[in-house]
Amino acid sequence: MHQPPGNLRLLIEREEWEAQQIIRCYERAARYAHTFHDTARLHVGFSGVLLEQLRDGEIVDRYRKFLDIPAMLERYCTATNIELIGMGYYHPVFPLIPEEDWKDHLVAGRQMMLEVFGREPKGFWPPEMAFAMEMIPALVAAGYEYVVVDGVHVRPEGGAETDIYQPYVAREGGATITIVPRDRDISNAQESGMNADWFEGEVANKIAGSPHRDRARLVTTWSDGENGGWFRQMAEEAGFFGHFFAPCMERIRSGASPIRPVLISDFLEEHPPQEQAQVRTGAWNVASTSGYDFSQWAGSDTQRQAIDKIFGVSRRYWGLAARAAGLPAASASALNEARRLILEGETSCFLFWGDAWIPELYKRTAAAEALMNSVDQALG
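Residues numbered from 1 in each chain as written. Predicted model: local features only at pLDDT ≥ 70, side-chain atom pairs only at ≥ 80, totals over all residues. Heavy atoms only, no water.

**Considerations on the packing of aromatic side chains**
By the definition in use, this model includes 24 aromatic pairs. Pairing Y32 with F241 gives two aromatic rings, centres 5.0 Å apart and planes at 25 degrees, and the pair type is stacked. Highlighted residues: Y32 in helix α2 (residues 16-35) and F241 in helix α11 (residues 240-254), separated in sequence by 209 residues. A residue is classified by how much of its surface remains accessible, and Y32, at 11% relative accessible area, is buried. Look at F36 and F245: their rings are 6.4 Å apart centre to centre, the planes differ by 80 degrees, and that puts the pair in the edge-to-face class. Here F245 lies in helix α11 and F36 lies in the loop between α2 and β1 (42-45), a separation of 209 residues in the sequence. On the accessibility criterion, F36 (3% relative accessible area) is buried. Since its relative accessible area comes to 5%, F245 is described here as buried. Clustering of aromatic rings is evident, with ring pairs tying together Y32, F36, F199, W230, F231, F240, F241, F244 and F245. One Lys or Arg, R110, reaches over the ring of Y144 and ends 4.5 Å from the middle of that ring. (Phe/Tyr/Trp six-rings, centres within 6.5 Å; stacked < 30°, edge-to-face > 60°. Helix = DSSP H or I, 4+ residues; strand = E, 2+ residues; numbered from the N terminus. Buried < 20%, exposed > 50% of the residue type's maximum accessible area, 1.4 Å probe, protein only. Lys NZ or Arg CZ within 6 Å of the ring centre and 35° of its normal.)

Below, the structure written as structure tokens:
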């Protein structure tokens, strides 16, 4: 679940129908979790910047005609069958931003989750599933125990066949984390449309052909929760929760299905990973892209130039921060605001939408540079 900075306000002002479609996506997950509290197990991630918007009094008031946002967030707090997942505050494509900036996204994102829901996440979902092994020490230092990665990138050590239905141990820079592979094929169906019968048959077929079908199998699917007509469907019986999720949970509740929903953390406690793997740097598949590179976010000259700009302003910030001891209060405040703008500029959407949204990135970097100019003058 993610919206770029200010987008909930922009939508309610310009595209009220789309705003209603999106806000109801956030409500359904918690409502259906409560409806099937004895059966369902859901994993939901929120970007910090989305939660920031959902806590904004103006947003709460303007969306009240559709739903009560504080009551919705409280339902997430009380849904013990929802495992909350961290994502990073501004939803950056982590391998495409400076490593020095990772910590702030991770720490601030976890802090926002704690403030809103009363608990910190154990697992991490990389925005856009963009992952690199170099992220492991930062994730572990931030408090994460596992990370979900796209299964196509998992490479078991020793040349063993990849088994996307089991977790692995991954190590980097002296840090160790559990990686949970995602099934790309079923996730694609989850994003666009499926029914309970197909899902059950597809899971059975895939498990039968998996390398270790005698072991406990963890089938992990993941998709955006508010993008596409399937999730935004206002006729609820025709959307994800009405057409697929509720019938699937009813089958499981009645004992008619061999599938058992499980929280990832519970599965890992019962079946701790034994085998090690590496994860190739990459992202998930978007539209016609494979996810083996970052072409959706860094494929054009304008996108690459914008990324270069982010690296440049971030480097300048860290240089100023190293000299900032004893700054006057006004200059220290300016430097802190520049920092916030740089992190906000790293929001994935500004790159994903290419030329249409890249100006939003430059708006942040230009404001940050102006603030840093004032700090430079104060430092002499």
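Now that the structure has been shown, we can carry on.
**Digging into the side chain of H153**
Structurally, the position occupied by H153 is in the loop between β4 (146-150) and β5 (154-156). Look at H153 and you get buried, because its relative accessible area is 1%. Filtering out sequence-adjacent residues up to four positions away, H153 remains in contact with R184, Q278, V279, R280, G282, A283, G291 and Y292. (Contact = heavy atoms within 4.5 Å.)

**Here we look at the sheet that holds strand β6 (residues 168-172)**
Across the sheet, which stays open at both edges, the 6 strands sit in the order β1-β2-β3-β4-β7-β6 with mixed pairing between neighbours. The sheet terminates laterally at β1 and β6, the two strands that pair on one side only. Pairing of β4 with strand β7 (residues 175-182) involves 5 bridges; the strand directions are parallel. Bridge pairing in β7 links V147 to I179. (Pairing = 2+ DSSP bridges.)

**Here we look at the nonpolar core**
Judged by nonpolar contacts, the single largest core of 59 residues is most densely connected at F46, L54, Y63, I69, Y76 and F245. Ranked by the residues each element gives to this core, the list is headed by α2, at 9 residues. W125, F267, L351 and L361 belong to the second-largest nonpolar core, a separate cluster that totals 30 residues. (Core = buried A, V, L, I, M, F, W, Y, C linked by side-chain atoms within 4.5 Å.)

**Observations concerning empty space enclosed by the protein**
Across all of its chains, the model carries 1 cavity of 30 Å³ or more by this definition. By volume, the largest cavity is sized at about 40 Å³. As for the largest cavity, its lining consists of L96, I97, A306, I307, I310, G345, E346, T347, L351 and L361. Among the elements that take part in the lining of the largest cavity, helix α14 (residues 301-321) stands out by supplying 3 residues, more than any other. Taken together, the residues of the lining of the largest cavity sort by class into 7 nonpolar, 2 polar and 1 charged. (1 Å grid on protein atoms, 1.4 Å probe; cavity = no way out; pocket = protein on both sides within 12 Å on 5 of 7 lines; lining within 4 Å. Points joined across faces, edges and corners; volume = space filled by probe spheres on them. Nonpolar A, V, L, I, M, F, W, Y, C, P; charged D, E, K, R; others polar.)

**Considering the pattern of salt bridges**
Under the defined criterion, the tally for this structure stands at 33 salt bridges. In this structure, E369 and K309 form a salt bridge, with 3.3 Å as the shortest nitrogen-oxygen distance. In this pair, E369 sits in helix α17 (residues 358-379) while K309 sits in helix α14, placing the two residues 60 residues apart along the sequence. Judged by relative accessible area, which is 25%, E369 ranks as partly exposed. Of the residues examined, K309 reaches a relative accessible area of 28% and is grouped as partly exposed. In this structure, the salt-bridge partner of E360 is K363, at a minimum N-O distance of 3.3 Å. Remark: K363 and E360 occur in helix α17; sequence separation between them is 3 residues, near one turn of the helix. Among the residues examined, E360 registers a relative accessible area of 24% and is labelled partly exposed. Overlapping salt bridges bring together E337, R340, E344, E360, K363 and R364 as one network. (Salt bridge = Lys/Arg side-chain N within 4 Å of Asp/Glu carboxyl O.)

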